[in-house]
Amino acid sequence: MRVMSGKTVTATLLLLSFLLLGVLYCYQNYRVSVSFELNDSRQTDSLRYQQPSILIGRTDVVTVTPWLAPVVWDGTFDPVLLDGLYRPRNISVAVTVFAVGKYIRFLEAFLLTAEQHFFVGFNVHVYIFTDRPNEVPRVHMAPGRQVTVRSVPSSRRWQEISARRMELIQTLIEELRNHKDYIFCLDVDSRFHGRWGTESLGGLVGVIHPGYYRDQRTKFPYERRPESRAYLAPEDGDFYYCGGAFGGRLQEVHLMAKTCRQDFEADARGGIEAAWQEESHLNRYMWIHKPTKVLSPEYLWQDFKSREPEIRLVRFSGVAKNYAEIRPNT
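Let me begin by describing the structure that accompanies this report. Since the model is a prediction, treat every value here as computed from it, not as a measurement. (Residues numbered from 1 in each chain as written. Predicted model: local features only at pLDDT ≥ 70, side-chain atom pairs only at ≥ 80, totals over all residues. Heavy atoms only, no water.)

**A few points about the environment of threonine 171**
Item 1. On the secondary structure map, threonine 171 appears in helix H4 (residues 158–176).
Item 2. For threonine 171, a relative accessible area of 34% puts it in the partly exposed group.
Item 3. Linking threonine 171 and lysine 258, residues 87 residues apart in sequence, is a C-alpha distance of 8.9 Å. (Helix = DSSP H or I, 4+ residues; strand = E, 2+ residues; numbered from the N terminus. Buried < 20%, exposed > 50% of the residue type's maximum accessible area, 1.4 Å probe, protein only.)

**A closer look at the sheet that holds strand E3 (residues 123–130)**
Item 1. Strands sit in the order E1-E9-E7-E8-E5-E2-E3-E4 across an open sheet of eight strands; the sheet is mixed. Where the open sheet ends on each side, the last strands, each with one partner, are strand E1 (71–72) and strand E4 (145–151).
Item 2. Sheet topology note: the E3/E4 ladder contains seven bridges and is parallel. Each residue of the ladder has a partner; that of threonine 130, found in E4, is serine 151.
Item 3. Strand contacts of helix H3 (residues 107–117): strand E2 (92–99), E3, E4 and strand E5 (182–186), with the helix running at about 160° to E2, the strand carrying the most contacts. (Pairing = 2+ DSSP bridges. Contact = heavy atoms within 4.5 Å. Axes fitted to C-alpha atoms, helices over the stretch in contact; angles between N-to-C directions.)

**So, the layout of surface pockets**
Item 1. Estimated volume of the largest pocket: approximately 1,000 Å³.
Item 2. Forming the boundary of the largest pocket are 44 residues, of which Tyr103, Asp187, Asp189, Tyr323 and Arg327 lie nearest the centre.
Item 3. Elements that contribute at least two residues to the lining of the largest pocket include exactly E2, H4, strand E8 (241–249), helix H6 (277–288), strand E10 (301–302) and helix H7 (323–326).
Item 4. Volume-wise, the second largest pocket comes out at about 680 Å³.
Item 5. If you go around the second largest pocket, you meet 24 residues; those closest to its centre are Ser53, Ile56, Gly75, Thr76 and Phe77.
Item 6. Of all the elements in the fold, those that place two or more residues in the lining of the second largest pocket are E1 and helix H2 (79–86).
Item 7. Each residue belonging to the lining of the second largest pocket can be placed in one class, and the counts come to 11 nonpolar, nine polar and four charged. (1 Å grid on protein atoms, 1.4 Å probe; cavity = no way out; pocket = protein on both sides within 12 Å on 5 of 7 lines; lining within 4 Å. Points joined across faces, edges and corners; volume = space filled by probe spheres on them. Nonpolar A, V, L, I, M, F, W, Y, C, P; charged D, E, K, R; others polar.)

Structural data, given as structure tokens:
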């Protein structure tokens, strides 16, 4: 009969110990998994919604990008189901809006329509950046919703106002970490006309510009000068995204804002300003770092445009205005 040496016994005991730890780890994970599934089932027991189908749906538009990000159109989601899934999580959404100079005149309509259509029933905190804090209108907010006003300096060039947005968004997110879940950055000279809610949530969310979504990318107003950090070659790019509406998880938007700010400042040191300021840098960023969700032009239409057949409804739209009158250096 062979007798095991002391080293062999030690090795065997170590092996058995590792096996036992592995079994305990798997068992604990199984318990956590089962508990999670039970909790989810309790949350969704009361949800009643139409049966989904993979055979019936929109056929007039593309609903998924080549990198498999959803493209959100009317008719591609169930609002009852989505709200029911997100509401138990008690999510909070931050919103930034810049009302500088004469743009303050658009703020009241923005806030009033947001109360009617933007994440209704959820926690929303609107951060208003303005050089006219005394002119901010008082709008009644529903429970769980609030407004914070932050003063910013005036500017003689609207391009400077536009360019500083990424810096201010970056700074705000650094303050909000661990307090908010999502953030959306929206243009003040716009109004809500329909639901904008949980269907728009994602890691990094881009909105397709209503002026160019039918064009070839060679016609997109990307920054075309190679010396700019925002440069995109004629054969590059996916969609043309709006600078007036974007968002996502705080950490994702923070990284984008920080990168765009750094690239903008690098351009400034080189004596160059991208064609459309932060929008040009945003488009460069979203070409390299693909959005995890893309919102159709329903989410930022233009009031002066007639509605195309695929636009069943307009959820958010830029108002018609005289740029020469409201912009300081136009």
